[in-house]
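An overview of the molecular structure
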Amino acid sequence: LLSTEIESLLNQQVKKEAHSSSIYLSMASWCDRNGFDNSATYFFKQSDEERHHQLKLYKYLLDMGGTAISPEIANIKIEYNSFREIFEDALDQEIAITQSFKNIAARCHKEQDYVTMEFLNWFLKEQREEEYKARRALELFEVIGESGTGHWEIDKHVGKINYDS
Ligand code: OFO
């Protein structure tokens, strides 16, 4: 059984994952509209993954006898000032998500909720990959540069970002 506090933190996390999924979907839209096809594909995939994270948490809440709350999502940016801003936002988003999982983990330790802690390990490991990919994408702006056909090259390489754990 989950404590009220852990149940609430997990529901907040469900909402954060749903929010991430919507943000990435919006980024996919912007990239597609601006001709960055590989980045659009990348963000569609990220959006799917976040939806999967959301459902994983949602089902855990139900499996543990809790109430899973389907979240309302608001305030999704439609326009971005630049191609680079998208990747900056994406990295910030992942760092915030990692912090959020750390907070839940800290609470689990405090309450000795080792069952939820064990469940959260999957997400903590996943965040390593998520932050890595976001950082790699942003680094392309430095490595390749933004002048001339830079954005076109960056987009091409975003399509090849991979993580070997
Ligand atoms: Fe990319 O964040 Fe989910 O967990």
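All values reported here derive from a predicted model rather than from experimental measurement.

Scanning the protein chain for helices and strands turns up five helices and zero strands. Along the protein chain, from the amino end to the carboxyl end, the secondary structure elements read α-α-α-α-α. Considering only C-alpha atoms, the protein chain reaches an extent of 55 × 30 × 20 Å along its principal axes. For the protein chain, buried positions account for 29% of its 165 residues.

Turning next to unusual backbone geometry. Despite not being glycine, Asn75 has its phi angle at roughly 60°, a positive value. Looking at the element boundaries, Asn75 is found in the loop between helix H2 (37-63) and helix H3 (83-111). The residue Gln112 is not glycine, and still its phi comes out positive at about 55°. In this fold, Gln112 is placed in the loop between H3 and helix H4 (114-144). With 8 C-beta atoms packed within 10 Å, Gln112 lands in the exposed category.

Moving on, we get to the UniProt feature "binding site: Fe cation" (unreviewed entry) in the protein chain. Per the UniProt record, the feature "binding site: Fe cation" (unreviewed entry) sits at Glu17, Glu50, His53, Glu94 and Gln127. Of the residues just listed, which span 111 residues, no C-alpha pair is farther apart than 12.8 Å, and they cluster in one region. By the element assignment, Glu94 lies in helix H3. Examined against the element boundaries, Gln127 turns out to sit in helix H4. Leaving out residues up to four positions away in the same chain, Gln127 has contacts with Glu94, Ile97, Thr98 and Phe101.

This part is about the environment of Phe36. Topologically, Phe36 is positioned in the loop between helix H1 (4-33) and H2. On the basis of neighbour counts, which here come to 24 C-beta atoms within 10 Å, the residue Phe36 falls in the buried class. Between the C-alpha atom of Phe36 and that of Leu62, which follows or precedes it by 26 residues, the distance is 39 Å. Setting aside anything within four residues of it in sequence, one finds Phe36 in contact with Cys31, Phe83 and Asp155.

What follows concerns H1. With 30 residues, H1 ought to run about 44 Å at 1.5 Å a step, and its terminal C-alpha atoms sit 44 Å apart, in line with that. Of the residues one or two after H1, Gly35 is the one with positive phi, at around 85°.

We now examine helix H5 (residues 150-158). Looking only at H5, the buried set comprises His151, Ile154, Asp155 and Val158. Axial view of H5: buried residues confined to an arc of 100°, hence all on one face. Here the buried face of H5 lies against H2, H3 and H4.

Parameters and conventions
Residues numbered from 1 in each chain as written. Predicted model: local features only at pLDDT ≥ 70, side-chain atom pairs only at ≥ 80, totals over all residues. Helix = DSSP H or I, 4+ residues; strand = E, 2+ residues; numbered from the N terminus. Buried ≥ 20, exposed ≤ 12 C-beta atoms within 10 Å, placed from the backbone. UniProt positions renumbered as here; feature names shortened; annotations may be inferred. Contact = placed C-beta atoms within 7 Å. Expected span 1.5 Å × (residues − 1). Arc of directions from axis to C-beta.

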